[in-house]
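# Examining the three-dimensional arrangement
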Protein chains: 2
Amino acid sequence: MRIAFLLYDNLTQLDLTGPAQVLSRMPGAKVDFVATSLAPVMSDCGLALVPTAALAGSGQYDLICVPGGYGCSAVMNDRVVLGWLRDQAPGATWITSVCTGSLILAAAGLLNGRRAGCHWAWGDYLPLFGAEYVAERTVFDGRFITAGGVTSGIDFAFRVVEHLHGPDVAATLRLALEYDPDHRPGGTPATARPEIVANVKAMTAQRLGHRDAEMRAAAARLMGEMP
Amino acid sequence: MRIAFLLYDNLTQLDLTGPAQVLSRMPGAKVDFVATSLAPVMSDCGLALVPTAALAGSGQYDLICVPGGYGCSAVMNDRVVLGWLRDQAPGATWITSVCTGSLILAAAGLLNGRRAGCHWAWGDYLPLFGAEYVAERTVFDGRFITAGGVTSGIDFAFRVVEHLHGPDVAATLRLALEYDPDHRPGGTPATARPEIVANVKAMTAQRLGHRDAEMRAAAARLMGEMP
């Protein structure tokens, strides 16, 4: 199974590295990290990641995974990347995303009429692209599997392994990766204290800056392209 | 707070990328990815990571974090890296590790007489270096904070944030990273089915190969150096 993770400037690296750790150990998986060029891509953590393949000439992938991050809004207006996703989509068995990566799929027109996950603080942008935001950690809609924010990518990946290879393979990987996470409330708005939710919403709004307009422009372009 | 994550060939990247995602968002944190040179370092997932600083001339760090991986056994015999860790230790406020990274700290002689975490399938090597393996996800022993295997790094990082900045900052980061992991049994040997435990143990033993002898050689060297 040929798997492609999309790399782009200012991605939230755990959106990608979490599922990559799990899916790279899936039987038969061959993973590529694809970007518009082969130059190292800077993530949000000061850690640069090296692509293994360029979009151009990459060949058809079986599973595409688009991570999220504040850099997503620029990608949502990148015709080269959106075009690549549209070209890949018909032949891919699975089209997936983590966090705000679903907004990139949406901007490519791939989630129109579909239910999708997203980072909880960004989910309201999905309807601009004809998609419905679902506040679940992993959302399945046909060939589309879209995860919630950041750390959701790890759970999403285990769900994919279970779906493709069954519960025993997934259980083996969970044990190999010692996946027995601490249980604390507050990981979603539903269980977090209201002041913490307000704090994160405010931080997000402040960091969004020009990106709000960028995403709305992407939506306007997509809607304008529709027959 | 100057934080250094050690990069080395064939590290298990989630050991590092998980805590890096959390700690890089800690107030006042300045994170470096250090290696023996500035060349990209290949992880276990086909994803190469770019260092931001070389060991030589790196300056003193406040928190050191050593990830694990099958590449750890070579590092356990690398006098340059072990020497750097020994030089950093006296001036570092916190010396930490994820997964088999504790074996690297142990090989540097830093865990002699201490309790430490490790990947559950490798913990038996700790006593060779005078350390006691503790089957917990995050182990505190004085200035040493050592985590269990792979995904433990994320929980470890949230514990560090809570310890340094209090529960509200940790809660804010948990929500921002949507950390509400799925709850499934089987992430540790204690809760996994016996046949799954046997499977992972067999896979690990097969992959260990020459590394068992490498780690025993590191222990012999350390014990030989002790007065």
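These lines cover the structure that appears in this document, whether it is placed above or below. Owing to the predicted nature of the structure, the values given are computational and were not obtained by experimental measurement. (Residues numbered from 1 in each chain as written. Chains lettered and ligands numbered in written order. Predicted model: local features only at pLDDT ≥ 70, side-chain atom pairs only at ≥ 80, totals over all residues. Heavy atoms only, no water.)

### A few points about the overall build of chain A
When helices and strands are counted, chain A shows 8 helices and 11 strands. Its C-alpha atoms give chain A a radius of gyration of 17 Å, near enough to 17 Å, the size a compact globule of 227 residues would have. Viewed in the frame of its principal axes, chain A has a C-alpha envelope of about 50 × 45 × 35 Å. Classification of the 227 residues of chain A by burial places 59% in the buried group. With an accessible surface of roughly 8000 Å², chain A has 55% of that area assigned to carbon and sulfur atoms. When the 18 basic and 21 acidic side-chain charges of chain A are each reduced to a single mean position, those positions are 2 Å apart. (Helix = DSSP H or I, 4+ residues; strand = E, 2+ residues; numbered from the N terminus. Rg over C-alpha atoms; globule rule 2.2 N^0.38 Å. Buried < 20%, exposed > 50% of the residue type's maximum accessible area, 1.4 Å probe, protein only. Areas by Shrake-Rupley, 256 points an atom, 1.4 Å probe, with all protein chains shown as cover. Lys, Arg positive; Asp, Glu negative; His and termini not counted. Charge placed at Lys NZ, Arg CZ, Asp CG, Glu CD.)

### A look at helix H6 (residues 167-176) of chain B
All names here are of chain B. In terms of burial, H6 is a largely internal element, 7 of the 10 residues being buried. Taken together, the buried positions of H6 are occupied by Ala 170, Ala 171, Thr 172, Leu 173, Arg 174, Leu 175 and Ala 176. Directly after H6, the chain includes Glu 178, whose backbone phi takes a positive value near 45°.

### Regarding the sheet that holds strand E5 (residues 53-54) of chain A
Residue and element names in this part refer to chain A. The strand order E5-E2-E1-E6-E7-E11-E10 describes an open sheet built from 7 strands, whose pairing is mixed. Every other strand in the sheet has two partners, leaving E5 and strand E10 (138-141) as the edge strands with one partner each. In the packing of helix H1 (residues 13-23) onto the sheet, contacts are made with strand E1 (2-6), strand E2 (30-35) and strand E6 (63-66), and the angle to E1 comes to roughly 165°. Sheet contacts for helix H5 (residues 152-165): E6, strand E7 (94-97), E10 and strand E11 (144-147); angle to E10, the most-contacted strand, approximately 45°. (Pairing = 2+ DSSP bridges. Contact = heavy atoms within 4.5 Å. Axes fitted to C-alpha atoms, helices over the stretch in contact; angles between N-to-C directions.)

### Looking at the pattern of salt bridges
A full pass over the atoms with the stated rule returns 18 salt bridges over all chains. Note that Glu 195 of chain A and Arg 193 of chain A form a salt bridge whose closest N and O atoms lie 3.1 Å from each other. Glu 195 of chain A sits in the partly exposed class, given a relative accessible area of 45%. A salt bridge links Arg 2 of chain B to Asp 32 of chain B; the shortest N-O distance between them is 3.4 Å. Of this pair, Arg 2 of chain B sits in strand E1 (residues 2-6) while Asp 32 of chain B sits in strand E2 (residues 30-35), and the two are 30 residues apart along the sequence. Overlapping salt bridges bring together Asp 168 of chain A together with Arg 193 and Glu 195 of chain B as one network. (Salt bridge = Lys/Arg side-chain N within 4 Å of Asp/Glu carboxyl O.)

### Describing the relation of the copies chain A and chain B
Superposing chain A onto chain B requires a rotation of 180° together with a translation of 0.0 Å along the rotation axis, leaving an RMSD of 0.0 Å. A rotation of that kind, with that shift, is consistent with a two-fold axis. Proximity to the rotation axis, assessed at the C-alpha, singles out Leu 49 of chain A in chain A; its C-alpha lies 2.5 Å from the axis. Comparing contact sets, 100% of the residues at the interface of chain A also lie at the interface in chain B, consistent with an isologous, same-surface contact. (Least-squares fit on C-alpha atoms with pLDDT ≥ 70 in both.)

### Describing the interface of chain A and chain B
The partner chain B presents 60 residues to the 60 residues of chain A that form the contact. Interface area for chain A against chain B, summed over the two sides, is near 5200 Å², with a carbon-plus-sulfur share of 55%. Counting every contact that joins chain A to chain B gives 6 salt bridges. The partner of Arg 184 of chain B in a salt bridge is Glu 162 of chain A, and the shortest N-O contact between them spans 3.3 Å. On inspection of chain A and its partner chain B, the count reaches 34 residue pairs in polar contact (both at pLDDT 80 or more). (Buried area = accessible area lost by both parts, 1.4 Å probe. Polar contact = N/O pair within 3.5 Å; in protein donor to acceptor, adjacent residues only side chain to side chain.)

### Concerning unusual backbone geometry
Residues other than glycine seldom take positive phi values, yet Asn 10 of chain A does so here, at roughly 65°. Relative to the elements of secondary structure, Asn 10 of chain A occurs in the loop between E1 and H1. Here Glu 178 of chain B, not a glycine, exhibits a phi torsion of approximately 45°, which is positive. With respect to the helices and strands, the residue Glu 178 of chain B is situated in the loop between H6 and helix H7 (194-208).

### Digging into the side chain of Ser 73 of chain B
Residues and elements named next belong to chain B. Looking at the element boundaries, Ser 73 is found in helix H2 (residues 72-75). According to the relative accessible area criterion, Ser 73 is buried, its value standing at 1%. Not counting residues within four places of it along the chain, the set of residues in contact with Ser 73 comprises Arg 211, Glu 214 and Met 215.

### Notes on the packing of aromatic side chains
A full pass over the atoms with the stated rule returns 10 aromatic pairs over all chains. Every member of this aromatic cluster is reached through a ring pair, and the members are Tyr 70, Trp 122 and Tyr 125 of chain A. One residue, Arg 2 of chain B, lies across the ring of Tyr 61 of chain B, its end atom 4.2 Å from the ring centre. The ring of Tyr 70 of chain B has Arg 207 of chain B lying over it, and the distance from NZ or CZ to the ring centre is 3.9 Å. (Phe/Tyr/Trp six-rings, centres within 6.5 Å; stacked < 30°, edge-to-face > 60°. Lys NZ or Arg CZ within 6 Å of the ring centre and 35° of its normal.)

### Quick notes on helix H3 (residues 79-88) of chain B
Within the span of H3 of chain B, buried status applies to Val 81, Leu 82, Gly 83, Trp 84, Leu 85 and Gln 88 of chain B. Where H3 of chain B begins, the side chain of Asp 78 of chain B points an oxygen toward the backbone nitrogen of Val 80 of chain B, at a separation of 3.0 Å.

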